[in-house]
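Below, each chain spelled out in residue letters.
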Amino acid sequence: MLSQEQLTRSHECERAWIEIDLAALAANTQHLRQWLAPTTELLAVVKADAYGHGALTVAQTVLAHGATWLGVATIPEGIALRQAGITAPILVLGSVNLPVQVQMMAEWQLQPTLSTPKQALIFSDYADHLREPLDVHLMIDTGMSRLGCPWQDAVGFVQFVQRLPHLRIQGIYSHFASADDPDPSLMRQQQAYFEQVCQDLASLGLGSVRRHMANSAATLANRSSHYDMVRIGLSLYGVYPAPHLRDVVPLRPVMQVRSRITLLKEIPAHTGISYGHQFIAPKAMKIAVVGIGYADGVPRLLSNKLEVLVQGQRVRQVGAITMDQLMIDVSDIDGLQEGDVVTLLGEDGEDRLTVETWADTLGTITWEILCGFKNRLPRIPVS
Ligand SMILES: *Cc1c(COP(=O)(O)O)cnc(C)c1O
C-alpha cells in the first residue's frame, strides 16, 4: 500500500494525470448551497464517474459541504458508492425495467426513476415479496421527451402508484430541455406544466411530496425552479452551463489536466509532423513530444487547434494528435527539459485554459469533454 503522501506525490512518476481541486469543489458546493433557500435540498449529480472527476472522492466532498442526495445514471454507479460506504440517499436517473435490476436496487437502497405504471408494478411486486416499502421517484415529461410520464397523464400515474401499498413516493420530478437558453420561454412553459400537475395533486391531498426539476442551468437562471430540491452536476465541477449564467454564483474549475514533455527535438524547415503530415514546419523548429493523446480523452479533432501552457506560456499543438502522444511547438521557449509539466486544462502561472474553449473549438458542450477523460489518467486530489 502507498502512504497518503506517496499517493498524492504519485503523479511524479506519471506521464499524464488529472488534478482534482477538492478545495474548489468544496467551495463550489458551499456557494451553490448558499444560493438555495435553506429548505431546498441539493442533489449532487455524480453520474459518469462524477463527470470524469472520480465519483467517490466527489461524493464524499460534496456531502461534507451541503449536498444531501446523490444522483447516478446506472445501478453499478450506485452500487460502487454504497460499497465504498456512502449512506446518503441515491437516485438512479436512468430507466430500469428488469426484475433482476429491481432486486439489485432494493438490496443496495438505490431509488428508481419511474415513468410508467408497468415499471411501478415491477417494483411493487418486488416490494410485496419483500414485505418492505421501496422508495421511488416519479418522473413527469414536461417537454424533454426522454424519460417520464407525459404531464397530461401524470395525475393518474401518481394516483396509481399511490395506491400500491409498498411503494413510497420520495419525489416527483421533471427535467428541462433548454434551461441554458437565454430565452426562457421553453423553461417557463415546462415549469407551468409541472406546476399544473403539482396543483392538481395538492387538491387531491398529495401536495407534500418532494418536487424537483432544476439542473445546473435552471438553478442558476431561475430560483422559482428550485422547489424542494435541485439536481446539480456541471456547476459543482466549476463550469458554467452558459456564458450568460456566469457570475450568478462564484465557481472555480475543479479539474486540471496535465502531462509531461517526454522528448525534445529540433527539426529542420519543411519537416512534416505526425500521421498524415497535417502540419509541415514552415521553418526550423523546436518540438516537444507530450505524453497524452486521444486514448486519454484529448479529442483528435483538436489537432492543430489546441493550445497548451508550458512555463506559464501559451504554445500551440502541431500535427495530428495520436493515441498516447501529441507534439507542441516550443521554438520560443528557452530552458525546457524533458519531464517538464505541460498544462492542457487549468492554470499555469497567470494563464488558464478552459474546457469551454475546447467545447467551442469542437462545436460540442463542456459536459462531453469532461466525461471524455479516461480512467487511464490517475485522478490526483489536490487542495
Ligand atoms: C445529468 C442530469 C442532471 C444534471 O445536469 P447538469 O446540467 O450537469 O447540472 C440533472 N437531472 C437529470 C435528470 C440529469 O440526467
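Residues numbered from 1 in each chain as written. Predicted model: local features only at pLDDT ≥ 70, side-chain atom pairs only at ≥ 80, totals over all residues. Heavy atoms only, no water.

**Student:** Whenever I open this one, the overall build of the protein chain confuses me. Can you help?
**Tutor:** Helix and strand counts for the protein chain stand at twelve helices and 20 strands. Considered along the principal axes of its C-alpha atoms, the protein chain spans approximately 80 × 50 × 40 Å. For the protein chain, with 383 residues in total, the buried portion stands at 52%. Sequence-distant contacts in the protein chain: of pairs separated by 6 or more residues, those separated by 24 or more amount to 67%. Surface summary for the protein chain: the accessible area is close to 17,200 Å², and the carbon and sulfur share equals 52%. (Helix = DSSP H or I, 4+ residues; strand = E, 2+ residues; numbered from the N terminus. Buried < 20%, exposed > 50% of the residue type's maximum accessible area, 1.4 Å probe, protein only. Contact = heavy atoms within 4.5 Å. Areas by Shrake-Rupley, 256 points an atom, 1.4 Å probe, with all protein chains shown as cover.)

**Student:** Even after reading the chapter, I still don't get helix 11 (residues 355-362), so can you show me in this structure?
**Tutor:** Residue pairs spaced three or four apart in an α-helix point in one direction, given the helix's 3.6 residues per turn. Taken together, the buried positions of helix 11 are Val355, Trp358 and Ala359. With its buried residues spanning 95° around the axis, helix 11 presents them on a single face. Residues of helix 11 that are buried in the fold lie against strand 18 (341-348), strand 19 (351-353) and helix 12 (366-370). Phi turns positive, to about 70°, at glycine 363, one or two residues after helix 11. (Arc of directions from axis to C-beta.)

**Student:** Which parts of the structure should I look at to understand the packing of aromatic side chains?
**Tutor:** The relation between two aromatic rings is expressed through the spacing of the ring centres and the mutual angle of the planes. Enumeration over the complete set of coordinates arrives at four aromatic pairs. Ring geometry for tyrosine 51 versus tyrosine 237: centroids 4.9 Å apart, planes at 35°, classification tilted. One end of the pair, tyrosine 51, is in helix 3 (residues 47-52); the other, tyrosine 237, is in the loop between strand 10 (229-232) and strand 11 (255-267), with 186 residues separating them in the sequence. (Phe/Tyr/Trp six-rings, centres within 6.5 Å; stacked < 30°, edge-to-face > 60°.)

**Student:** I tried to follow the pairing of strand 8 (residues 167-173) on my own but got confused; where do I start?
**Tutor:** Moving residue by residue along a regular strand, the side chains alternate between the two faces of the sheet. Within strand 8, six of the seven residues are buried, which leaves it mostly tucked inside the rest of the structure. Pairing of strand 6 (residues 134-141) with strand 8 involves six bridges; the strand directions are parallel. Residue pairing across strands places histidine 137 opposite glycine 171, the latter belonging to strand 8. By the bridge criterion, two bridges tie strand 8 to strand 9 (residues 211-214) in an arrangement that is parallel. Among the inter-strand pairings, isoleucine 172 is bridged to a residue of strand 9, identified as arginine 211. (Pairing = 2+ DSSP bridges.)

**Student:** Can you help me understand the environment of alanine 127 in this one?
**Tutor:** Looking at where alanine 127 falls in the secondary structure, it is placed in helix 7 (residues 117-130). Separated by 86 residues in sequence, alanine 127 and glutamate 41 place their C-alpha atoms 27 Å apart.

**Student:** What's the story with helix 6 (residues 99-107) in this structure? I'm lost.
**Tutor:** Taken together, the buried positions of helix 6 are occupied by Val102, Met105 and Ala106. Burial along helix 6 is one-sided: seen end-on, the buried residues are contained in an arc of 100°. When the buried face of helix 6 is taken as reference, the exposed residues oriented beyond 90 degrees from it are Val100 and Glu107. Just downstream of helix 6, glutamine 109 is the residue with a positive phi angle, here 55°.

**Student:** Looking at this structure, how should I read the nonpolar core?
**Tutor:** Soluble globular proteins: nonpolar side chains tend toward being buried together. Counting 115 residues, the largest nonpolar core has Leu167 and Ile328 as the members making the most contacts within it. With near-sequence residues (within four places) excluded, isoleucine 328 lies in contact with Lys286, Ile287, Ala288, Val290, Val308, Val310, Val315, Arg316, Gln317, Val318 and Val342. Residues Met285, Ile287, Val318 and Met327 belong to the second largest nonpolar core, which totals nine residues. (Core = buried A, V, L, I, M, F, W, Y, C linked by side-chain atoms within 4.5 Å.)

**Student:** What is the right way to read the site of the ligand from this model?
**Tutor:** Surveying the vicinity of the ligand reveals 13 residues, the closest of which are Lys47, Tyr51, Ser216, Gly233 and Leu234. The side chain of serine 216 places a nitrogen or oxygen atom 2.5 Å from an oxygen atom of the ligand. Bound to the protein, the ligand loses 93% of the 390 Å² it would expose on its own. Taking a 2 Å distance to the grid points as the criterion, the majority of the atoms of the ligand fall inside the largest pocket. The residue makeup of the shell around the ligand, split by class, is six nonpolar, four polar and three charged. (Near = heavy atom within 4 Å. Polar contact = N/O pair within 3.5 Å; in protein donor to acceptor, adjacent residues only side chain to side chain. 1 Å grid on protein atoms, 1.4 Å probe; cavity = no way out; pocket = protein on both sides within 12 Å on 5 of 7 lines; lining within 4 Å. Sits in = over half its atoms within 2 Å of the grid points. Nonpolar A, V, L, I, M, F, W, Y, C, P; charged D, E, K, R; others polar.)

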